[in-house]
Amino acid sequence: MSKNDDDLRPSWVPEEPNPEFACSVVRGIDSAVNSVTGAKEYPDAVHLRKVPLRKKMSIEEYVEGVAKGDRMILSKAITLIESNAPKDFDKAQRVLQALLPRTGHALRVGITGVPGAGKSSFIESFGTMLCQQGYKVAALAVDPTSTITGGSILGDKTRMQNLSREPNCFIRPSPSKGTLGGVTRKSRETMLLCEAAGYDVILVETVGVGQSETTVRDMVDFFMLVVLTGAGDDLQGIKKGIMELADAIVVNKADGDNLERAKVTQGEYERMVEFIRPATEGWQTHAYRCSALKKTGLLELWAVMREFEKVTKKSGVFENRRQRQTLSWVHSMIEEHLHNLFFEDPIIKSRMPEVRAAVLTGVVSPSQAVTELIRIFDMDRASARHLEETKY
Ligand SMILES: Nc1nc2c(ncn2[C@@H]2O[C@H](COP(=O)(O)OP(=O)(O)OP(=O)(O)O)[C@@H](O)[C@H]2O)c(=O)[nH]1
Ligand SMILES: [Mg+2]
């Protein structure tokens, strides 16, 4: 590469220095040291400003910050939870452990529905209303498919403009691309951190279709299905299974020309839920309507949620469900742990390509391959244990 500065200037950068042009061209370096010869390729590079390493926060700092309700530290603690690095896992769990006694006091609400039903808009309007009533509201999103789709609700933070301006609110979009595995655990732990930070209502939006509904149902108290007008025989692609998970069905966009149709749809859903097993023992699911845009029907829904909380707390169903959810958290953690143990095992990693090829060429059957890999894994673990025991 030429060292002439002119050659470094891309064609779209003005020739004369222009204060309105928010970009300056800096010479890049490939490497300060030639890794083969060890010679310094760019001696000037030693004078480059060193980027100071960001100070790592201690467990106590995380715990104290979250407990104080510091939104910046809460964000950082969630990033720690979402990290896949084993050392972060330990640290995150210790932070969580210390904060657990502060959790459990919020009302956890899950919001699902077909894409475009208005889930984010509902959270925006509903959350803003609650904040203005003095509640602290956290809005989260759960997307078990984020590793495939590369993360969603990118635009939601900008879409939730009013809510994000509320000092009493905390918005956390779904983890972005690269957050492999453990979505169930990570989402749940994120929610608990928000509770420890003093949030009274946690609104969780399901993103993507597929597993997210059950994942979210499994971590919230009240589960709400947002639907649109025009429910026909096809139920707009909503499976009956999802209706069975819902504590309320809400016809959104009940405004303008759509209001009359929304009333009809509400009636249709109301008749349908009679034939569906209620999601929560002792609670009859009903259909409601609202407009996230015009902010109508929101107060009524809040009243429904409070009533739900009152009824289920009295009957013990609320506490029972939370206990079951805690156990399912334990199970998902075990699954995640075993999964990592297996797939991160060096011997398994080294044998995997060969086994995959053998399965694809039909040399071994998939079940034979699994048996063989598990046998190798078992032996590897046993020898590791043996080494550990005879070390002293
Ligand atoms: N008229 C009207 N439009 C609405 C209402 N709520 C949402 N919308 C519009 O519907 C569109 C989709 O809304 P979102 O809130 O992004 O829907 P969503 O369910 O979060 O969508 P995904 O996250 O993509 O699944 C947006 O253009 C909203 O402006 C409403 O109450 N009335
Ligand atoms: Mg959305």
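Residues numbered from 1 in each chain as written. Chains lettered and ligands numbered in written order. Predicted model: local features only at pLDDT ≥ 70, side-chain atom pairs only at ≥ 80, totals over all residues.

The protein has the name LAO/AO transport system ATPase in an unreviewed UniProt entry, where Dialister invisus DSM 15470 is given as its organism.

## Looking at the site of ligand 1
Heads up, the rule is: What makes a residue near a molecule or strand is its C-beta atom, placed from the backbone, lying within 6 Å of it. Counting from the N terminus, the helices are the DSSP runs of H or I reaching at least four residues and the strands are the DSSP runs of E reaching at least two. Residues are grouped as follows: Ala, Val, Leu, Ile, Met, Phe, Trp, Tyr, Cys and Pro are nonpolar; Asp, Glu, Lys and Arg are charged; every other residue, Gly included, is polar.
Around ligand 1 there are 15 residues in total, and Gly-118, Lys-119, Ser-120, Ser-121 and Leu-293 lie nearest to it. It is helix H5 (residues 119-132) that contributes the most residues to the shell around ligand 1, three residues altogether. Of the residues belonging to the shell around ligand 1, the class tally is five nonpolar, seven polar and three charged.

## Comments concerning H5
Just so we agree on the cut-off: For a helix, the expected span equals 1.5 Å multiplied by the number of residues minus one. Labels follow a simple rule on C-beta atoms placed from the backbone: if 20 or more others lie within 10 Å of a residue's own, it is buried; if 12 or fewer, it is exposed; otherwise it is partly exposed.
Taking 1.5 Å per residue as the helical rise, H5 with its 14 residues ought to reach 20 Å, and the 20 Å between its terminal C-alpha atoms agrees with that figure. Judged by how many residues are buried, H5 sits mostly within the fold: 11 of 14 residues are covered. Of the positions making up H5, those classed as buried are Lys-119, Ser-120, Phe-122, Ile-123, Glu-124, Ser-125, Phe-126, Gly-127, Thr-128, Leu-130 and Cys-131. Following H5 by one or two positions, Gly-134 has its phi on the positive side, about 100°.

## Remarks on the nonpolar core
The line we're drawing: Take the buried Ala, Val, Leu, Ile, Met, Phe, Trp, Tyr and Cys residues, join any whose C-beta atoms are within 7 Å, and the set you get is a nonpolar core. Here, residue contact means that the backbone-derived C-beta atoms of the two residues sit within 7 Å.
Counting residues in hydrophobic clusters, the biggest one holds 74 residues, and the most contacted among them are Leu-193 and Ile-202. Among residues more than four places away in sequence, those in contact with Ile-202 are Ala-106, Arg-108, Val-109, Ala-138, Leu-140, Met-191, Cys-194 and Glu-195.

## Examining unusual backbone geometry
One non-glycine residue, Lys-253, lies in positive phi territory at about 65°. Relative to the helices and strands, Lys-253 is located in the loop between strand S6 (248-251) and helix H12 (259-273). For Lys-295, which is not a glycine, the phi torsion comes out positive at approximately 60°. Here Lys-295 lies in the loop between strand S7 (286-289) and helix H13 (298-315).

## Observations concerning the pairing of strand S5 (residues 222-227)
What counts is decided by this rule: Strand pairing follows a simple DSSP-based rule, namely that at least 2 bridges must link the two strands.
Among the six residues in S5, six count as buried, and that is most of the element. With burial as the criterion, each face of S5 is covered, one bearing Phe-222, Met-224 and Val-226 and the other bearing Phe-223, Leu-225 and Val-227. Pairing analysis gives five bridges linking strand S1 (residues 107-113) to S5, with the strands arranged parallel. Note that in S5 the partner of Gly-110 across the bridge is Phe-223. Inspection of the sheet shows S5 paired to S6 by four bridges, in the parallel sense. Of the residues in S6, the one forming a bridge with Val-227 is Val-251.

## Topic: the sheet that holds S5
We count it as follows: Axis definition: a line fitted to C-alpha atoms, over the contacting stretch in the case of helices. Angles run 0 to 180 degrees between N-to-C directions.
With parallel pairing, seven strands are arranged side by side in an open sheet as S3-S2-S4-S1-S5-S6-S7. The two strands at the open ends of the sheet, each matched to only one other strand, are strand S3 (169-172) and S7. Shown here is a sheet whose adjacent strand axes are inclined to one another by a mean of 25°, direction ignored. Set on the sheet, H5 makes contact with S1, strand S2 (137-142), S3, strand S4 (201-206) and S5; between it and S4 the angle comes to about 175°.

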